[in-house]
Amino acid sequence: MRSNQYLVTHEGCGVLLDPGGFGVMPRVLVEMLRYVQPDQIKAVILSHQDPDIVGGLSTWLELLDSPVYVSRIWVRFLPHYGIAGIKRFVGVPDEGMSLDIAPGFRLELLPAHFLHSEGQINVYDPIARVLFTGDIGAAMLPDDQEHEYVDDLESHLPHIEWFHRRYMCSNKAARLWAERVSRLDIDFIAPQHGPIYRGKAVKQFLEWFANLQCGIDLMEAAGSFSLEAAP
């Protein structure tokens, strides 16, 4: 699936979210330079450990001096991506943490465990009211379709339902996460794949996901799921 890379900026400081695999690094760098220079990046945050998030990180670390935040359970795996040493990595605790980037610039790192990664974390920007959700909300769009926003969930369901039913761990994990983030003031949900949810689609998605039967809920036997084949 095509992946999204995000840059959050505030008064000359930047935070890079899920910088992506090696193949997209040059394009992401060009886009980043339109807004900030490498020495203005104060943090890199990885929602989880997948190669479409971490694959290009060793090259980014040659350009940036910032710390890298990732769930504490994934820190020891990152050297397998060709990264020498882990001194710049900060392990995010299971309960999440607040991250003060600069005066007036704070991000909240929130737990999203087992959705789909055991240690996935979300990032909430309270100023822009954006929740960056990693693979939660991700869409599998056909190659000939591309749009920036989801304004109504119903028409978008065919692009997300199979992925969420198969990749997310269980309804308990989905429900607990939805209950937690529903207390936030969210204008946008920005996943790592596919368009961004806005307006009524934000609430619609949270309600749908909180009630979703997925993962082990659908297991009938080893290797067997009550689930239609992948689209």
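Before any of the text, the structure's been laid out above.
Reference entry: report on the structure contained in this document. These figures come from a predicted structure and were not determined experimentally.

**Examining the sheet that holds strand E4 (residues 68–71)**
Two orientations exist for strands paired in a sheet by backbone hydrogen bonds: parallel and antiparallel. Reading across the sheet, the 5 strands line up as E1-E2-E3-E4-E5 and stay open at both edges, with mixed pairing between neighbours. Two strands bound the open sheet, and with one partner strand each, they are strand E1 (6–10) and strand E5 (89–92). Taking each pair of neighbouring strands and ignoring which way they run, the sheet shows an average axis angle of 20°. Sheet topology note: the E1/strand E2 (residues 13–17) ladder contains 5 bridges and is antiparallel. Considered in E2, the bridge of Tyr-6 is made with Leu-17.

**Some points on unusual backbone geometry**
Backbone torsion omega between Leu-115 and His-116 reads -5°, so that peptide bond is classified as cis. Structurally, His-116 is set in the loop between strand E7 (105–111) and strand E8 (121–125). Backbone geometry at Asp-18 places phi at a positive 50°, although glycine is not the residue there. Within the secondary structure, Asp-18 is located in the loop between E2 and helix H1 (25–32). In this structure, Arg-129 is a non-glycine residue whose phi angle is positive, near 60°. On the basis of relative accessible area, Arg-129 is assigned to the partly exposed category, the value being 31%.

**Regarding the sheet that holds strand E10 (residues 149–150)**
The sheet built from 7 strands is open, its strands ordered E6-E7-E8-E9-E11-E12-E10 with mixed pairing. Looking along the sheet, the strands with just one partner apiece sit at the ends: strand E6 (97–102) and E10. Of the pairings in the sheet, the one linking strand E11 (residues 188–191) to strand E12 (residues 196–198) comprises 2 bridges and is antiparallel in character. From the neighbouring strand, Phe-188 faces E12, where its bridge partner is Arg-198. Strand contacts of helix H7 (residues 200–210): E10, E11 and E12, with the helix running at about 105° to E12, the strand carrying the most contacts.

Rules behind the numbers
Residues numbered from 1 in each chain as written. Predicted model: local features only at pLDDT ≥ 70, side-chain atom pairs only at ≥ 80, totals over all residues. Heavy atoms only, no water. Pairing = 2+ DSSP bridges. Helix = DSSP H or I, 4+ residues; strand = E, 2+ residues; numbered from the N terminus. Axes fitted to C-alpha atoms, helices over the stretch in contact; angles between N-to-C directions. Buried < 20%, exposed > 50% of the residue type's maximum accessible area, 1.4 Å probe, protein only. Contact = heavy atoms within 4.5 Å.

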